[in-house]
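Examining the three-dimensional arrangement
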Amino acid sequence: MRIDVITIFPGYLAPLREALLGRAIAAGLVDLDVHDLRDWTHDVHQAVDDAPYGGGPGMVMRPQVWGEALDAVLARDARTPRIVVPTPAGRPFTQATAQEWAGAERLLFACGRYEGIDQRVVDDARGRGLPVDEVSIGDYVLVGGEAAVLVMVEAVVRLLPGVLGNPASAEQDSFSDGLLEGPAYTRPETWRGLAVPEVLRSGNHAAIARWRRDRALERTAQRRPDLLAALPERALDKADRAF
Ligand SMILES: COC(=O)COc1cccc(COC(=O)c2cn[nH]c2)c1
């Protein structure tokens, strides 16, 4: 998978080259290219923003600069990317989104700042048949898209074959069965007077699976009743309903 990121703060994306993601890049599973938007300005001030039509606070990112940058970066590779624009006004980014994008051959992230990118940049790209996803990672406002890109790239790249040491952990993710993960424990058996639940040390795998399912149902009901309500009928078996 090739990943391009266009931003006015390339340094903000440096963490993508660390740890697991860094290893995925070193292993050739991911090609990452971060581009400085200001490389496509032509004025001495390298202006990337301007006052909003219609007035109001803040600045809007200029379409000319973004248009040239996108055209140039698109041309760097024959593969057509999904263009992703993080924005508070976007569709929710979920594990399903990450799964979908993990199948893409190329992703191109456009990091907005200020009051956003002139809408014609997105409209022009869509008008040329390019898939553009305006997505939100949550209902809050960041200063720019860069932090959202770190989140989304991590969620996607960990799903790529060969990235996680143990693929089972991606399959048993929270949300993979529609429920939240329950509590996890490791040694010692007792720590600061707190003991590990007996069943987990019983060796009785059926009982352990039942206990884990019950804890996941309990936690989901308490913290995310919306997820429980969204579960398809068939997802809960008789034992679950008894819970
Ligand atoms: C067309 O889209 C744009 O112009 C995007 O422009 C902006 C402007 C300010 C901040 C951001 C970053 O995204 C978020 O704040 C965000 C994403 N998820 N939750 C919060 C993006």
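Because the structure is a prediction, the values reported are computed rather than measured. (Residues numbered from 1 in each chain as written. Predicted model: local features only at pLDDT ≥ 70, side-chain atom pairs only at ≥ 80, totals over all residues. Heavy atoms only, no water.)

**Structural notes on the overall build of the protein**
From N to C terminus, the protein includes nine helices and nine strands. Its C-alpha atoms give the protein a radius of gyration of 22 Å, clearly above 18 Å, the size a compact globule of 243 residues would have. Principal axes of the C-alpha set define a box for the protein whose edges measure 70 × 40 × 40 Å. A separation of at least 24 residues holds for 74% of the contacts in the protein among residues at least 6 apart in sequence. Counting only carbon and sulfur atoms, one obtains 53% of the accessible surface of the protein, whose full area is about 13900 Å². Side-chain charges of the protein comprise 28 positive and 35 negative groups, with the mean position of each set lying 7 Å from the other. (Helix = DSSP H or I, 4+ residues; strand = E, 2+ residues; numbered from the N terminus. Rg over C-alpha atoms; globule rule 2.2 N^0.38 Å. Contact = heavy atoms within 4.5 Å. Areas by Shrake-Rupley, 256 points an atom, 1.4 Å probe, with all protein chains shown as cover. Lys, Arg positive; Asp, Glu negative; His and termini not counted. Charge placed at Lys NZ, Arg CZ, Asp CG, Glu CD.)

**Considering the site of the ligand**
Taken together, 19 residues surround the ligand, and among them Ile117, Ile137, Gly138, Tyr140 and Leu142 come closest. Contact distances for the ligand include 2.7 Å between an oxygen atom and a backbone N or O atom of Ile117. In this structure, a nitrogen atom belonging to the ligand sits 3.5 Å away from a side-chain N or O atom of Ser136. Coverage of the ligand by the protein chains reaches 95% of its 500 Å² of free accessible surface. Taken atom by atom, the bulk of the ligand overlaps the second largest pocket. Contributing elements (two or more residues each) for the shell around the ligand: strand E5 (82-92) and strand E7 (132-136). The biggest single contributor to the shell around the ligand is E5, with four residues. For the shell around the ligand, the class distribution of residues is 10 nonpolar, seven polar and two charged. (Near = heavy atom within 4 Å. Polar contact = N/O pair within 3.5 Å; in protein donor to acceptor, adjacent residues only side chain to side chain. 1 Å grid on protein atoms, 1.4 Å probe; cavity = no way out; pocket = protein on both sides within 12 Å on 5 of 7 lines; lining within 4 Å. Sits in = over half its atoms within 2 Å of the grid points. Nonpolar A, V, L, I, M, F, W, Y, C, P; charged D, E, K, R; others polar.)

**Overview of the packing of aromatic side chains**
Taken as a whole and judged by the stated rule, the model has three aromatic pairs. With a centroid separation of 6.5 Å and 55° between ring planes, the pair formed by Tyr185 and Trp211 is classed as tilted. Placement of Tyr185 in the loop between helix H6 (167-171) and strand E8 (190-191) and of Trp211 in helix H7 (residues 205-223) is noted, with a sequence separation of 26 residues between them. Take Tyr185: its relative accessible area is 42%, and that puts it in the partly exposed class. The buried category is assigned to Trp211, whose relative accessible area is 17%. Grouped by ring-pair contacts, the aromatic residues Phe93, Trp101 and Phe109 constitute a single cluster. (Phe/Tyr/Trp six-rings, centres within 6.5 Å; stacked < 30°, edge-to-face > 60°. Buried < 20%, exposed > 50% of the residue type's maximum accessible area, 1.4 Å probe, protein only.)

**Let's talk about the layout of surface pockets**
Of the volumes computed, that of the second largest pocket is approximately 460 Å³. Around the second largest pocket, the lining comprises 26 residues; the ones closest to its centre are Pro86, Thr87, Pro88, Gly112 and Gly116. Contributions of two or more residues to the lining of the second largest pocket are made by E5, helix H4 (119-127) and E7. Considering each element in turn, the lining of the second largest pocket owes the most residues, five residues, to E5. Partitioning the lining of the second largest pocket into residue classes produces 14 nonpolar, eight polar and four charged. (Points joined across faces, edges and corners; volume = space filled by probe spheres on them.)

**Thoughts on the pattern of salt bridges**
For the coordinates displayed, the defined rule picks out 22 salt bridges. Notably, a salt bridge pairs Arg91 with Asp133, separated by 3.6 Å at the nearest N-O pair. Taken together, the residues Arg91 in strand E5 and Asp133 in strand E7 connect sequence positions 42 residues apart. In this structure, a network of salt bridges that share partners links the residues Arg2, Asp4, Asp33, Asp77, Arg79 and Arg106. (Salt bridge = Lys/Arg side-chain N within 4 Å of Asp/Glu carboxyl O.)

**What to know about the sheet that holds strand E2 (residues 31-36)**
Strand order in the open sheet made by the five strands is E2-E1-E6-E5-E7, with parallel pairing throughout. The open sheet is flanked by E2 and E7, the only strands paired with a single partner. Neighbour to neighbour, the strand axes of the sheet diverge by 30° on average, direction disregarded. Two strands pair when backbone bridges link them, and E5 and E7 are joined in this way by six bridges, in the parallel orientation. Paired with Arg91 across the bridge in E7 is Val135. Seen against the sheet, H4 touches E5 and E7 and runs at an angle of roughly 135° to E7. (Pairing = 2+ DSSP bridges. Axes fitted to C-alpha atoms, helices over the stretch in contact; angles between N-to-C directions.)

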